[in-house]
Each structure stands twice: as structure tokens, then as C-alpha cells.
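# Observations on the three-dimensional arrangement
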Amino acid sequence: MPTEVILPKVDMDMATGQISRWFAEEGAHVKKGDVLFEIETDKAAMEIDAPASGVLRDVSGKEGVDIAVGAAVAWIYADDEAYGADVAATKQDKAPISPPVGEMSAKPTEGRAVPPASHAVTPPSALPSLPPLGISPTRGEIGESPSAGRATPLARRLAREAGLALASIAGTGPHGRVVKADVDAAIAGGGAAQAAPAAKAPGAPAPAVKAMSDEQVLKLFEQGSHDLVPHDNMRKTIARRLVEAKTTIPHFYLTLDCELDALLALRTQINAAAPVKKTDKGDAPAYKLSVNDMVIKAMAMALKAVPDANASWTESAMVKHKHADVGVAVSIPGGLITPIIRHADEKTLSTISNEMKDLASRARSRKLKPEEYQGGTTAVSNLGMFGIKDFAAVINPPHATILAVGAGEERAVVKNGEIRIATVMSVTLSTDHRAVDGALGAELLVAFKNLLENPMGLLV
């Protein structure tokens, strides 16, 4: 019996993915563990191994096209297995079983991975009588008919967002299950009945205002006056997470000006004293600190000095972190990513500097591992290199804070009644007001300012 090759879930936020490249063609002989194709996720490029040895057939997963997680993209036939109409018909009758999340194997392109488990199709007669995976046999989505159990989770979500009644959509998946393609077809053809709106409970908040549809937006512009560039997975994920952050997190903003002259002088001294090391390109300093490296260290030490601000909000409890793990926003083609300096308060400036250079380089080539950009207890976003004076950044959950850093510039400041010139940098702290109140956020920002203006404390 042929082995099914599916598009695996390689990121917790992943609902669809795109195959950026196939390494084997239709009819090619592959061995278990060989790299079959590469998935382009919103964060990294991941290589997927062959789950079995044999001949690659029925390659349906096209490059550069959104594919639902768990969908079959090809089949592998054993060397002695017949390939023809009879086998194809048998395969069509089988219902593939989706593996548990985390059972699929994927890897960043720079390393090897454990081959994913084989997902051969099991005859229906060998399966117990169970409802579709992930669906309750007794209840479905609120306001949906029991037929919602015949739909995949992705299809249910898409239908709900489009206001379509699942009961009126004909399913073309296994055993008549409604899949993403069925919902897309219903939306395009306008053939599905609108779902009945749920009754509004007394005192309940009004439903959120929906954004303009694609059709409504495009109607505002003359045909031929624009080009349409489809969103890739990274841009879709960024858009979704930003909307979630701004609509679910009550943002509160605090701004301070920090004088940098003492910090710049210390940075010059430290860089001048850097030892020289041999490299392939010749002699080079062992490190070269940037202002951003010192900002990362100062933010981490400020969180340790004000531990109540080193927190994350959950509905049941406040998560108090024991370490200061600082995410740093890095711009990459098509979006941004936030690699994390773990235990930044405990690391030397030179270690932070070299680690940040490595993370930023691998981020731009999409070589980061998930554990290198997921989590963290705060973040820093620096637009000073573009000459931006000040801005307010959007919190990246589960963080409760993010520091927006502007450009250092010479300004006139008043000290003891006299005007003098100083290098000043404006920083804005965005806080999740549920976890970090105004006074607590101010205490954190003042601790950060004191460390920047008295930078010898960064060396302790």
C-alpha cells in the first residue's frame, strides 16, 4: 500500500504552508530519510524527509501555493508495488489519519533531522467508529449545525470568518468532509447560505467591526492602476499577530530621553581594547560593540532590578520570570523576526554582541531554529539607524513590554540653568497595562535610563 506524504505542521501558528522547492521529481526513486521538499514558513525554511523508500508518485503539492496542514502532497510506492488505476482507486477509498501534532519531523536547512514517521493509509475496516479528529461528536461551533463535525478545523474557521453556513457546503474530502477547497469554492461562487447570526446576550459587547473586504478595497481604485502582490506566509502571520496584539492587549506608553555621551565614550574604550583574532579574512577584533548591544544589556538588567515588570499576563495568573530574555527585532526581506538573547542580564557585552551578530545573520537567511525566536520576556526594537527620533512599538505576546529605541542626536539641554550640547536618545516603553501598570513601567524605564547614563554598571 502506498505511503502518504503530507504537509506537516512545523510551527504552532501554522495553518497552511507553501512548498518552496521539491528535491525529487515525479517517478524518482527516494530513500527513507532523503530530503523530499522544502517548506517556506513565516519564520524559516524547513526541509522535510521522505517517510518511506520507493517511487515518488502523484505529486500534487505545487511550489509557491498555499497548502493546508495535513494535506497529501505526494505518495510513495514501494519498489514492488503496482501503480495503476486499481491501486489509485483503492487509495482514493482510504481515509488518511492525521498524525498528532509534533510527530512529524522537520528541520532547519542547515542541519539533519530525524525522518518523519511513515503515514501509510489504514483501511476503514480496521478503524474504530470515531468522529473526525478534533471534532466533538456531541457539539460543534456555536451557531453551527451538527454537520460542522464533517469539516476540517481550517474549513470551519474560514467558513466562520466568511459568514457561511457549513451545512450548505458540499464536502469533497474523505467521507464527505468539508475541506478548505470546498469553502473557497463556496465563497467564490456565492453558493453557500449565510450563517444565522447568534443571538446577542443582554449586556454583551457589540461585535467587532469587520475590516473592508478585498472587493470593497479594490473598488476604490481604477482598474489597471495597481498591481496585486499575493501575501506570503510571513506577511499573513505578522498581520494576524499585530491585529491580535492591538485588539487584545491594552497598550500603555511611556517615553524618556537618555543622555548617551558617557555610554559612547565607554563603548569607544571597550572596542579599542578588543583583542585581535585570526580569521579567514585576516586579523579582526574579537568583538565590536554597538549601542544596541548596550541597550539590550541595560534592558535586561533593568528587568532584574524591577522584577515585577519581568512578567507575562495569563487569565489565571501572572507569570513572573526568573530570567531576562530579550528579543531583538531584526528586519528581514518581507517582514521581521525577533531572535532572543537568553539570560541577557548575566552575559557580558562582548558575548551579547557576538551572539546578536550571529542571530541576525541567520535570521536574514531564515536559518533560525524555533527555540531561537519563540518566547522571551521582553523585546527591543531599534529604528535609530534610520534617523527615527521616537516611535511606539506593538507588544509581541507573551511579552508585557517592548522598548522602542530612537536615534541618538545632539540636542540642546539645560543643566543648572545653563544650555549645553548633549547626545540624547528618546526611548518609548510600551506595556501591557494588565501586567505592568503606569508606575511600575515608569520605575522600569527610569532604571534603564540610569544604566545608560551610568554605563559602568553594565560591566558589573
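Rules used throughout
- Residues numbered from 1 in each chain as written.
- Predicted model: local features only at pLDDT ≥ 70, side-chain atom pairs only at ≥ 80, totals over all residues.
- Heavy atoms only, no water.
- Core = buried A, V, L, I, M, F, W, Y, C linked by side-chain atoms within 4.5 Å.
- Buried < 20%, exposed > 50% of the residue type's maximum accessible area, 1.4 Å probe, protein only.
- Helix = DSSP H or I, 4+ residues; strand = E, 2+ residues; numbered from the N terminus.
- Contact = heavy atoms within 4.5 Å.
- Phe/Tyr/Trp six-rings, centres within 6.5 Å; stacked < 30°, edge-to-face > 60°.
- Pairing = 2+ DSSP bridges.
- Axes fitted to C-alpha atoms, helices over the stretch in contact; angles between N-to-C directions.

## Digging into the nonpolar core
- Among the nonpolar cores identified, the biggest contains 55 residues, and Ile296, Leu403, Val427, Leu444, Phe448, Leu452 and Leu458 are the most heavily contacted of them.
- Element by element, the count of residues in this core is highest for helix H7 (residues 291-305), at 9 residues.
- With sequence-adjacent residues up to four places away left out, Leu452 is seen in contact with Cys258, Glu259, Leu260, Leu263, Met294, Ala298 and Met425.
- Counting residues in each nonpolar core, the second largest holds 19 residues, with Val5, Trp22, Ile39 and Ile76 among its members.

## Side note on the packing of aromatic side chains
- One pass over the structure, following the stated rule, counts 1 aromatic pair.
- Centre to centre, the rings of Trp22 and Phe37 are 4.9 Å apart; their planes meet at 55°, and the pair counts as tilted. Taken as a pair, Trp22 in strand S2 (residues 16-22) and Phe37 in strand S4 (residues 35-40) lie far apart in primary sequence, 15 residues in all.
- Look at Trp22 and you get buried, because its relative accessible area is 14%.

## Some thoughts on the environment of Thr428
- Here Thr428 lies in strand S22 (residues 418-432).
- In this structure the C-alpha to C-alpha distance between Thr428 and Leu256, which are 172 residues apart in sequence, comes to 6.6 Å.
- Thr428 has contacts with Tyr253, Leu254, Thr255, Phe391, Ala392, Ile402, Leu403 and Ala404, leaving out every residue within four places of it along the chain.

## A short note on the pairing of S22
- Among the 15 residues of S22, 11 are classified as buried, and the element is accordingly described as predominantly covered.
- Summarising the sheet, strand S11 (residues 251-259) and S22 pair through 9 bridges and their orientation is antiparallel. When the sheet's bridge partners are listed, Glu259 is paired in S22 with Val424.
- The pairing of strand S21 (residues 401-415) with S22 spans 13 bridges and is classified as antiparallel. Paired with Val405 across the bridge in S22 is Val427.
- From the end of S21 to the start of S22, which pair antiparallel, there are 2 residues, and Asn416 there has a positive phi angle of about 55°.

## Some points on the sheet that holds S11
- Read from one edge of the open sheet, 6 strands run S11-S22-S21-S20-S16-S19, paired in mixed fashion. Only two strands of the sheet have a single partner each, and these edge strands are S11 and strand S19 (340-341).
- Here strand S16 (residues 326-328) pairs with strand S20 (residues 378-382) via 3 bridges, running parallel. Opposite Gly327, over in S20, you have Ala379 as the bridge partner.
- In the packing of H7 onto the sheet, contacts are made with S16, S19, S20, S21 and S22, and the angle to S20 comes to roughly 150°.

## A look at the side chain of Asp345
- With respect to the helices and strands, Asp345 occurs in the loop between S19 and helix H8 (349-364).
- Excluding residues that lie within four positions of it along the chain, Asp345 makes contacts with Lys297, Ala300, Met301, Lys304 and Ala324.

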